[in-house]
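# What the coordinates show
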Amino acid sequence: MKKFVNNVDNILSESLAGFGKAHPDLIRVNFSPDYICRARKGSAEKVSLISGGGSGHEPLHGGFVGFGMLDAACPGQVFSAPTPDQMAAAADEVHNGKGILFIIKNYSGDIMNFEMGADMIEHENQTVLVNDDVAVEDSTFTTGRRGVAGTM
């Protein structure tokens with residue numbers, strides 16, 4: 001047996017619900033749109049940090065939400081980019097007047113959707129594109145450096 005799955009259509013929502021119940025002192029899960037944020041809002045003295053990407057790399061995104069780390073994470077479906085409305089909702093939730101920094105992995109869906117999400121918000125924001133990775137840059141079997149290891 002490799003994994004427990006009740007229903008493939010509910011993998012993300014069930015995973016998020018379980019994660020939220022396991023760590024209510026650290027994180028809070030929002031559904032529709034899906035995002036994870038710190039249980040207690042970050043300091044008003046810092047820029048809010050948001051990252052995310054397709055689920056299936058856990059705990060890459062949600063596992064790094066917490067004190068001194070990410071303020072929010074936007075999980076997409078398994079190996080799919082999160083949607084722009086997830087980024088916008090997460091940004092509205094964690095913004096504290098100092099701006100938003102979106103940390104984006106070098107995956108075309110993540111880049112496109114995070115940029116659209118950034119355009120949707122009124123808050124001052126910047127993005128960092130991470131493309132350093134341990135993946136083989138030029139290979140028949142990869143799409144190039146996607147930034148997963150470098151983002152960690």
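First, a word on what this report is: a plain description of the structure on this page. (Residues numbered from 1 in each chain as written. Predicted model: local features only at pLDDT ≥ 70, side-chain atom pairs only at ≥ 80, totals over all residues. Heavy atoms only, no water.)

Moving on, we get to the overall build of the protein chain. Summing up its helical and strand segments, the protein chain has 4 helices and 6 strands in all. The helix and strand sequence of the protein chain, counted from the amino end, reads α-β-β-β-β-α-β-α-β-α. Restricting the contact set of the protein chain to residue pairs at least 6 apart, pairs at least 24 apart contribute 57%. For the protein chain, the accessible surface area stands at approximately 8,800 Å², while carbon and sulfur atoms represent 54% of it. (Helix = DSSP H or I, 4+ residues; strand = E, 2+ residues; numbered from the N terminus. Contact = heavy atoms within 4.5 Å. Areas by Shrake-Rupley, 256 points an atom, 1.4 Å probe, with all protein chains shown as cover.)

A few words on the packing of helix H2 (residues 84–94) against helix H3 (residues 108–120). The contact between H2 and H3 brings their axes to 7 Å, and the two run at 45 degrees. As the angle between them shows, H2 and H3 are arranged oblique. H3 is crossed by H2, and the crossing has right-handed handedness. Contacts between H2 and H3 pair Pro84, Asp85, Met87 and Ala88 from the former with Asn113, Phe114, Met116, Gly117 and Met120 from the latter. Its residues assigned to classes, the contact of H2 with H3 comprises 6 nonpolar, 2 polar and 1 charged. (Axes fitted to C-alpha atoms, helices over the stretch in contact; angles between N-to-C directions. Parallel < 35°, antiparallel > 145°, perpendicular 65-115°, else oblique. Left-handed = near helix turned anticlockwise from the far one by under 90°. Nonpolar A, V, L, I, M, F, W, Y, C, P; charged D, E, K, R; others polar.)

As enumerated under the stated definition, the model contains 1 aromatic pair in all. Seen from their ring centres, phenylalanine 102 and phenylalanine 114 are 5.8 Å apart, and the 65 degrees between their planes marks the pair as edge-to-face. Of the two residues, phenylalanine 102 is situated in strand E5 (residues 100–105) and phenylalanine 114 in helix H3; the sequence distance between them amounts to 12 residues. With a relative accessible area of 0%, phenylalanine 102 lands in the buried category. Residue phenylalanine 114 is classed as buried on the basis of its relative accessible area of 0%. (Phe/Tyr/Trp six-rings, centres within 6.5 Å; stacked < 30°, edge-to-face > 60°. Buried < 20%, exposed > 50% of the residue type's maximum accessible area, 1.4 Å probe, protein only.)

Here the focus is the side chain of asparagine 96. Within the secondary structure layout, asparagine 96 lies in the loop between H2 and E5. Of the polar contacts made by the side chain of asparagine 96, one reaches the backbone oxygen of lysine 46; its length is 3.2 Å. Within the structure, the side chain of asparagine 96 is placed 3.3 Å from the backbone nitrogen of lysine 98, a separation counted as a polar contact. (Polar contact = N/O pair within 3.5 Å; in protein donor to acceptor, adjacent residues only side chain to side chain.)

With that settled, the discussion passes to the nonpolar core. Note that soluble globular proteins tend to have their nonpolar side chains buried in a common cluster. By size, the foremost hydrophobic cluster in this structure holds 17 residues, and its most contacted members are Ile50, Ile100 and Phe102. Residue assignment for this core shows that the elements contributing at least two residues are strand E2 (35–38), strand E4 (72–78), H2, E5 and H3. A per-element tally of this core places H2 first, with 5 residues. Aside from chain neighbours lying at most four places away, what touches isoleucine 50 is Leu70, Ala72, Cys74, Ala90, Ala91, Val94, Ile100, Leu101, Phe102, Ile103 and Phe114. The next biggest cluster of nonpolar side chains, apart from the first, holds 10 residues, and it includes Leu16, Val29, Leu70 and Ile103. (Core = buried A, V, L, I, M, F, W, Y, C linked by side-chain atoms within 4.5 Å.)

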